[in-house]
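# Structure assessment
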Amino acid sequence: MNGDVILRVASLSKYYRTYKSVFDLKKNIIKAVDGVSFEVVRGEIFSVVGETGCGKSTLARLITGLHDRTAGEIYYKGEELNYKKRRTAFRKNIQIVFQDPYSSLNPKKKIYKTVTYPAVKNLIISKKDRVDYAASLLKNVGLGENIINSYPHELSGGQRQRVGIARSLAVSPELLILDEPVSALDVSISAQVLNLLMDLREERSMTYIFITHDLNLVRHMADRVMVMYRGKIMEISTAEDFFKGPAHPYSVTLYNSMLYHDSGSPAAGGVQKDKGPGTESESENKGCVYFGRCYAAKEKCGESEPPLKGTGPKSSASCFFPFIRSGL
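Notes on the structure follow. Each chain has its residues counted from 1, following the order in which its sequence is written. The predicted nature of this model means local features are confined to residues of pLDDT at least 70 and side-chain atom pairs, given and counted, to a pLDDT of 80 or more, with totals for whole chains, interfaces and linings taken over all residues. Only hydrogens and water are set aside when side-chain values are computed; all heavy atoms of the structure are taken into account.

## Section: the pattern of salt bridges
As a working rule, side chains carrying opposite charge can pair if their charged atoms are close by. Counted as salt bridges are all cases of a side-chain nitrogen of Lys or Arg within 4 Å of a carboxyl oxygen of Asp or Glu. Following the criterion strictly, the structure yields 13 salt bridges and no others. As a salt-bridge pair, aspartate 4 and arginine 42 come within 2.9 Å of each other at their nearest N and O atoms. With aspartate 4 in the segment before strand 1 (5-18) and arginine 42 in the loop between strand 2 (28-41) and strand 3 (45-49), the pair connects residues that are 38 residues apart, well separated along the chain. Judged by relative accessible area, which is 34%, arginine 42 ranks as partly exposed. Among the salt bridges present, the one from arginine 42 reaches glutamate 174, with a minimum N-O distance of 3.5 Å. With arginine 42 in the loop between strand 2 and strand 3 and glutamate 174 in the loop between helix 5 (157-169) and strand 7 (175-179), the pair connects residues that are 132 residues apart, well separated along the chain. Helix and strand labels come from DSSP, where a helix needs a run of H or I of at least four residues and a strand needs a run of E of at least two; each type is numbered from the N terminus. Each residue's exposure class comes from its accessible area (1.4 Å probe, protein chains only) as a fraction of the maximum for that residue type: buried when under 20%, exposed when over 50%, partly exposed otherwise.

## Things to note about the pairing of strand 12 (residues 315-318)
Any two strands are treated as partners once DSSP identifies two or more bridges connecting them. Relative to strand 12, strand 10 (residues 232-238) runs antiparallel, the two being bridged by 2 bridges. Along strand 12, the bridge assignment pairs isoleucine 236 with serine 316. The antiparallel pairing of strand 11 (residues 308-312) with strand 12 creates a hairpin that spans 2 residues between the two strands.

## Let's talk about the packing of helix 3 (residues 111-121) against helix 4 (residues 130-140)
For the pair helix 3 and helix 4, the least separation of the axes is 9 Å and the interaxial angle reads 100 degrees. Comparing the axis directions of helix 3 and helix 4 gives the class roughly perpendicular. Contacts between helix 3 and helix 4 involve Ile111, Tyr112, Lys113, Val115, Thr116, Tyr117, Ala119 and Val120 from the former and Arg130, Val131, Tyr133, Ala134, Leu137 and Leu138 from the latter. Gly is placed with the polar residues, together with every amino acid not listed as nonpolar (Ala, Val, Leu, Ile, Met, Phe, Trp, Tyr, Cys and Pro) or charged (Asp, Glu, Lys and Arg). Classifying every residue of the contact of helix 3 with helix 4 by side-chain character gives 11 nonpolar, 1 polar and 2 charged. Every angle, taken between N-to-C directions, lies between 0 and 180 degrees, and every axis is a line fitted to C-alpha atoms, over only the stretch in contact when it is a helix. The cut-offs work like this: below 35 degrees is roughly parallel, past 145 is roughly antiparallel, 65 to 115 is roughly perpendicular, and the gaps in between are oblique. Here, residues are in contact when the closest pair of their heavy atoms is within 4.5 Å.

## Notes on the packing of aromatic side chains
Pairing of aromatic rings covers Phe, Tyr and the six-membered ring of Trp, with a centre-to-centre limit of 6.5 Å; geometry is then stacked below 30 degrees between planes, edge-to-face above 60, and tilted otherwise. Tallied over the full model, the rule gives 7 aromatic pairs. Aromatic pair tyrosine 229 and tyrosine 290: ring centres 5.2 Å apart, planes at 80 degrees, arrangement edge-to-face. On the criterion of sequence distance, the pair formed by tyrosine 229 in strand 9 (residues 224-229) and tyrosine 290 in the loop between helix 9 (249-263) and helix 10 (299-303) is long-range, its members being 61 residues apart. With relative accessibility at 1%, the residue tyrosine 290 sits in the buried group. Ring centres of tyrosine 250 and tyrosine 290 lie 5.2 Å apart, and the angle between their planes is 65 degrees; on these two criteria the pair is classed as edge-to-face. Of this pair, tyrosine 250 sits in helix 9 while tyrosine 290 sits in the loop between helix 9 and helix 10, and the two are 40 residues apart along the sequence. Each residue in the set Tyr229, Tyr250 and Tyr290 is aromatic and connected to the rest through ring pairs, giving one cluster.

## Thoughts on the environment of serine 183
Take serine 183: it is sitting in the loop between strand 7 and helix 6 (187-204). The sequence separation of serine 183 and aspartate 214 amounts to 31 residues, and the corresponding C-alpha distance is 8.8 Å. Apart from the residues within four sequence positions on either side, serine 183 is in contact with Gln99 and His213. A polar contact is formed between the side chain of serine 183 and the side chain of glutamine 99, at a distance of 3.0 Å. N or O atoms closer than or at 3.5 Å make up a polar contact, with two conditions inside protein: a donor-capable atom paired with an acceptor-capable one, and, for residues adjacent in sequence, both atoms drawn from side chains. Here the side chain of serine 183 touches glutamate 180 through a polar contact of 3.3 Å, landing on its backbone oxygen.

## Describing the nonpolar core
Residues belong to a common nonpolar core when they are buried Ala, Val, Leu, Ile, Met, Phe, Trp, Tyr or Cys residues joined through side-chain atoms within 4.5 Å. Ranked by size, the top nonpolar core spans 55 residues in total, and within it Leu138, Val141, Val163, Ile165, Leu200, Tyr208 and Val227 carry the most contacts. With sequence-adjacent residues up to four places away left out, isoleucine 165 is seen in contact with Val97, Val141, Val193, Leu196, Leu197 and Leu200. One finds Val9, Phe46, Leu81 and Tyr83 within the second-largest nonpolar core, a separate group that totals 30 residues.

## Focus: helix 5
Here helix 5 contains 13 residues, and its C-alpha end-to-end distance of 19 Å stays within 8% of the 18 Å for a straight helix at 1.5 Å per residue. Listed as buried for helix 5 are Gly158, Arg160, Gln161, Arg162, Val163, Gly164, Ile165, Ala166, Arg167, Ser168 and Leu169. As for helix 5, its buried residues are in contact with strand 6 (94-97), helix 3, helix 4, strand 7 and helix 6. One fewer than the residue count of a helix, multiplied by 1.5 Å, yields its expected span.

## Structural notes on the state of the cysteines
Here, two cysteine sulfur atoms that lie within 2.5 Å of each other are counted as a disulfide. For the structure on display, the rule yields 0 disulfides. Looking at the unpaired cysteine 288, the closest cysteine sulfur is the one in cysteine 301, lying at 6.5 Å. On the accessibility criterion, cysteine 288 (9% relative accessible area) is buried. There is no disulfide at cysteine 319, and the cysteine sulfur nearest it, in cysteine 301, is 6.1 Å away.

## Focus: the sheet that holds strand 3
Two strands in a sheet stick together by hydrogen bonds in their backbones, pointing the same way (parallel) or opposite ways (antiparallel). The sheet built from 8 strands is open, its strands ordered 6-7-8-3-9-10-12-11 with mixed pairing. In the strand order of this sheet, the two ends are held by strand 6 and strand 11, each with one partner. Between one strand axis and the next, the sheet turns by 20 degrees as a mean value, whatever way the strands run. Running over the sheet, helix 5 touches strand 6 and strand 7 and is turned about 175 degrees from strand 6.

## A few points about the sheet that holds strand 4 (residues 71-76)
Strand order in the open sheet made by the 4 strands is 2-1-4-5, with antiparallel pairing throughout. Here the strands that pair on one side only, and so sit at the sheet edges, are strand 2 and strand 5 (79-80).

## With respect to the environment of asparagine 93
The topology assignment puts asparagine 93 in helix 2 (residues 83-93). Each C-alpha atom, one on asparagine 93 and one on valine 171, is 7.5 Å from the other, the two residues being 78 residues apart in sequence. Among all residues touching asparagine 93, those that are not within four sequence positions of it are Tyr76, Pro173, Glu174 and Leu175.

Encoded structure:
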């Protein structure tokens, strides 16, 4: 891959062991993230998409150290992330903006304390400088000093999300993970927040990992797209190639369900729908995790897991029978 790689994820996994009931002696393994590998280039907007439960948010929390990984490695600028040994140093450079702007803020703390906490923790400022530093950060995200002594419940949803963004900027991160940052906001406010994020990226030369289920946002913002399903990577592609026509059948289904009615032109493979929610036996098959729902599946797909292989100069898909765009 060309460019300066700022983040590299190698065979990253997160498994949860659960029991169906208190009387169940058999452990059930939930593979929230399963053997994921990818790279993020400095300065790009790398978008992770997929339906609810595909592992997007778990991936974000693994990268930021909020969840412990089951297996795999994460490298930041060539150095392996080890939050147990160097938690503060890495946390300073990689920040996250959460989906819910209310639950991510401490309801008992005034805004100036919430916004400046990371800077105080990282010894960037002293406690006596918190008010002035908070005013500067809030100004950067379009908020006035009048909310410095407010509590989260006294602010609107858009204001709370801007406060969350200001808090993440307090330590001048190089990589910002945006986990569904506007899904809890109404359309007009979400547009303002997205414009703010784009402006901040230009001003501060930041790299974004943009997690969403909304392909319309991806089409307008992302440089590259990674599609996930049940903890696995289905496809990685440049946004330009992806929106010419996805390669993986699951990506085609997402594309058609979210964009077809807007664009008027179907993706590769025509307007297709999957077979609906997978059955329990689907989780036990040895092949592709999408096999039980795939409209294009063949016998081979249920027998072995397809590798992530190239479908074009800058795209790959985990599929034995991908749709190949003409001209690539």
